[in-house]
Amino acid sequence: MPDQLTARAVSHDVETRMGLVPLDELLAERDALVQQVKVLRAKHGPYGTFEALRKIELASIAQGKRAAAVGAGTKITEGAIEDASLADDRYLVFVTQATQERAEWAVIENRIQGIDDTINRGQAVARYLSAEVSLS
């Protein structure tokens, strides 16, 4: 039975001979990174949910502060509740986690951009080599 040639196999062979990372490999790596970063993009990216989640966290902490004041029979101003909520350990943990997530997001986005740049460079090299062959 003769060897099966597919466009993908031919393309892969040509890319390898040209010294380029095969496009299907780059796209597979990019897809895996996008899957890894999707929640971070949804939370911290444009129109993300981070600000809503931050407000929910602060409101939850403030409710606890109000309830504790009522339970203790003390009066507390809204400003004092807000200050206490912002200084609460739970809020510190929330903000610290968000900072770590944003740092991770930046690293993964950089890797995705690097793959995009590699694809674009490969296209430029392929055009150059094609032009060089036609000039010979």
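Residues numbered from 1 in each chain as written. Predicted model: local features only at pLDDT ≥ 70, side-chain atom pairs only at ≥ 80, totals over all residues. Heavy atoms only, no water.

Caption draft 1: A look at the pattern of salt bridges. Counted under the stated rule, the structure contains seven salt bridges. A salt bridge links arginine 41 to glutamate 109; its shortest N-O distance comes to 2.5 Å. Separated by 68 residues along the polypeptide, arginine 41 in helix α2 (residues 23–44) and glutamate 109 in helix α5 (residues 89–135) bring together distant segments of the chain. With relative accessibility at 30%, the residue arginine 41 sits in the partly exposed group. Ionic contacts of the salt-bridge type, sharing partners, join the residues Lys65, Asp88 and Arg90 into one network. (Salt bridge = Lys/Arg side-chain N within 4 Å of Asp/Glu carboxyl O. Helix = DSSP H or I, 4+ residues; strand = E, 2+ residues; numbered from the N terminus. Buried < 20%, exposed > 50% of the residue type's maximum accessible area, 1.4 Å probe, protein only.)

Caption draft 2: Representation of helix α3 (residues 50–72) in the model. With 23 residues, α3 ought to run about 33 Å at 1.5 Å a step, and its terminal C-alpha atoms sit 33 Å apart, in line with that. When we look at burial in α3, the residues that qualify are Phe50, Leu58, Ile61, Ala62 and Ala69. Just downstream of α3, glycine 73 is the residue with a positive phi angle, here 70 degrees. (Expected span 1.5 Å × (residues − 1).)

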